[in-house]
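Below, each chain spelled out in residue letters.
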Amino acid sequence: MALAHDPNGIDPDALALEIVYSQGDGIETLPVAKGPFPDTENMQFLGQIAPEAMGALPIPGAFAETTAKGILNDIWGWTSPAGEEYALVGNTGGMAVVRVTDPGNPEFLGSLESQAPGDIGNLWGDVGVFGNYAYFTSEIAGSEIEVVDLSVLDGLEPAPSSDTVLPAPTSRFSTGGYMGAHNIQVNEETGFAYVAGVHLEDGAANNACGADEPARFNTLIYDLNTDPTNPDVAACLDNIGEHDFYPIVYDGPDERFQGREIVFVFDGRDRTLPAGERIGGFTEIWDATDKDNIDVLARFRTPGMVFSHQGWTTEEQDFLFINDELDELVNAGWSFTDFFAQPVDDPTNKPATGTYIIDVRELDNPVFVERFEHDTVSIDHNFIVKDDKLYQANYTSGTRVLQIERDEAGMVSLSEFGHMDTEPRLQKNILNLNQEDKFGTAFLGQWGIFPLFDSGTIVASDRNNGLIVMRLSDAPCKGIKCSK
């Protein structure tokens, strides 16, 4: 595997984490950092489960040391009809299920077994939910989408050991030539699953796109309404949808599209230009109501963006927030990033974490508002909007909660509201330390977050410190006393 110190050998289709993660600085091998955490504001720590206690497994070879305890990836949540709340936690051993109804006493119930234990593709996992079913994807080459019937969870007791296989009905499907993917997002209102970064089987007769030699990154859309355990392919789109989607039933201010299925597409990097000339990835807005005739309403680059990674709208669906997994690295002058975008001429010593705000009050005319800069120096990863707050999982600075504010004209801005740094052992200026020797450090910490439970419980996946269970504090507070 080509790594950061060998930029000429980097695979052009590699994901950023694949390039860098095998180079750590020892933080990964230390014991799990346990909460409550000292760098906390306006949040309360409730509970935690370590990766290895949820079935996470090491990956041999170049990743053996940095994954010795097993590591987590993405996370989602599900609430049963009876009101029980569950965290669905992707990790290097599969997908763990944890009951968090009592957030101070999270209960591990078991996990799916990886389809290929020890495979590098286990570094990436993602979960979507439709009704009583969970759908789990990974980057394992030749894998299938796993389906879990969640309806049995309320009757399960806590697992007796960390290697307990989840005692729930499961199945798999690979319809349309699916052979692994980076991400899945399910529109729970319409029952369509949008799968990003799909590897397709070679041969026109073997994949739904009809491509003899499929591109590295493709999109499959499944209709979960037909048969949730073996769904039909609603559409296959070749060479689009590298990274993530946010599908909604539109109820925003653009009256032309109200009631239609609108999809925000985060297409990662610009893959059409040679290394050294790339200037950032595209974001698209689709009207995907008719899966046979998807209408691209807008395709745009955002100023300063390197990698269109993931996003979410305000509750009013009038402004779009986008995160970029690589712009902080480019601004810090990291040497490998010219493969993703042209590095800046004068890198700063303090590349502030940024969140991009886009005015989408006219869906076919998105307008860049600003790059909001946080009081952190870390790479931002996944986030979700709930009510008037944006909940972020940022690698080395943990959970960050941003307040969504509006002025008299209706324009949106952000301000910092609260945070909990769940990996306090990492330096705040990590993007400027050991750039060649310790690249992987910048990708430690939190990967995903889920704040959508009605109870107010928040769950996050910290790669090396496990499942973190939190909530917003009842009154303003700082430090460990927030959790007392």
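Residues numbered from 1 in each chain as written. Predicted model: local features only at pLDDT ≥ 70, side-chain atom pairs only at ≥ 80, totals over all residues. Heavy atoms only, no water.

J.: Pulling in residues and values, what's your account of the sheet that holds strand β10 (residues 170-173)?
T.: Pairing between the strands of a sheet is mediated by backbone hydrogen bonds and can be parallel or antiparallel. Pairing in this open sheet of four strands is antiparallel, and the strands run β7-β8-β9-β10 from one edge to the other. Of all the strands in the sheet, just β7 (125-130) and β10 have a single pairing partner and so form its edges. Adjacent strand axes in the sheet meet at a mean angle of 25°, parallel and antiparallel pairs treated alike. (Pairing = 2+ DSSP bridges. Helix = DSSP H or I, 4+ residues; strand = E, 2+ residues; numbered from the N terminus. Axes fitted to C-alpha atoms, helices over the stretch in contact; angles between N-to-C directions.)

J.: I'd like a rundown of the state of the cysteines, residues and numbers included.
T.: A full pass over the atoms with the stated rule returns two disulfides. Between C209 and C236 runs a disulfide, and the two sulfur atoms are separated by 2.0 Å. On the sign convention where negative is left-handed, the bridge of C209 and C236, at about -100° about the S-S bond, is left-handed. Note that C209 is positioned in the loop between β12 (192-198) and β13 (218-223) and C236 in strand β14 (residues 232-237), a separation of 27 residues in sequence. Sequential numbering of the bridged cysteines in the protein chain gives the disulfide pattern 1-2, 3-4. (Disulfide = S-S within 2.5 Å.)

J.: Hey, could you go over the side chain of T92 for me, with residue numbers and the actual values?
T.: Along the polypeptide, T92 turns up in the loop between β4 (85-91) and β5 (94-99). Assessed through its relative accessible area of 1%, T92 is described here as buried. Among the polar contacts made by the side chain of T92, one reaches the main-chain carbonyl oxygen of L57 at a distance of 2.6 Å. Aside from chain neighbours lying at most four places away, what touches T92 is A56, L57, I59, G70, I71, N73, N122 and L123. (Buried < 20%, exposed > 50% of the residue type's maximum accessible area, 1.4 Å probe, protein only. Polar contact = N/O pair within 3.5 Å; in protein donor to acceptor, adjacent residues only side chain to side chain. Contact = heavy atoms within 4.5 Å.)

J.: Got a sec to walk through the environment of D39? Specific residues and values, please.
T.: With respect to the element layout, D39 can be found in the loop between α1 (16-20) and β1 (40-41). Separated by 358 residues in sequence, D39 and S397 have C-alpha atoms that sit 9.2 Å apart. Of the polar contacts made by the side chain of D39, one reaches the side chain of H419; its length is 2.7 Å.

J.: Requested: an account of a negative patch on the surface, with residues and values cited.
T.: On the surface, E201, D202, D212 and E213 cluster together into a negatively charged patch. Mapping E201 onto the fold places it in the loop between β12 and β13. For E201, a relative accessible area of 35% puts it in the partly exposed group. (Patch = residues over 30% accessible without salt bridge, like charges linked within 9 Å, V, L, I, M, F, W, Y side chains within 5 Å. Areas by Shrake-Rupley, 256 points an atom, 1.4 Å probe, with all protein chains shown as cover. Salt bridge = Lys/Arg side-chain N within 4 Å of Asp/Glu carboxyl O. Lys, Arg positive; Asp, Glu negative; His and termini not counted. Charge placed at Lys NZ, Arg CZ, Asp CG, Glu CD.)

J.: Help me get a handle on the pattern of salt bridges, residues and values and all.
T.: Taken as a whole and assessed by the stated rule, the structure comprises 22 salt bridges. D254 serves as the salt-bridge partner of R256, at 2.8 Å between the closest nitrogen and oxygen. Residue D254 is classed as buried on the basis of its relative accessible area of 6%. Residue R371 pairs with E373 through a salt bridge whose shortest N-O separation is 3.1 Å.

J.: Account for the environment of N464, naming residues and giving values.
T.: Structurally, N464 can be placed in the loop between β28 (458-462) and β29 (466-472). On the basis of relative accessible area, N464 is assigned to the buried category, the value being 2%. Ignoring any residue separated from it by four or fewer positions in sequence, one finds N464 in contact with I27, V32, P51, K69, E423, R425, L444 and G445. Among the polar contacts listed, one links the side chain of N464 to the backbone nitrogen of G445, at a separation of 3.2 Å.

J.: Tell me about unusual backbone geometry, residues and numbers included.
T.: Here G35 and P36 are connected by a cis peptide whose omega angle stands at 5°. Of note in the backbone geometry, N42 takes a positive phi value of approximately 60° without being a glycine. Turning to its location among the elements, N42 is positioned in the loop between β1 and β2 (43-49). Overall, the relative accessible area of 10% leaves N42 in the buried class. Here Q317, not a glycine, exhibits a phi torsion of approximately 60°, which is positive. Judged by its relative accessible area of 11%, Q317 is buried.

J.: Tell me about the sheet that holds β2, and please be specific about residues and values.
T.: Across the sheet, which stays open at both edges, the four strands sit in the order β2-β29-β28-β27 with antiparallel pairing between neighbours. Bordering the open sheet on either side are β2 and β27 (446-450), each of which pairs with just one other strand. Adjacent strand axes in the sheet meet at a mean angle of 25°, parallel and antiparallel pairs treated alike. Inspection of the sheet shows β28 paired to β29 by five bridges, in the antiparallel sense. Its bridge partner lying in β29, A460 is registered against I468.

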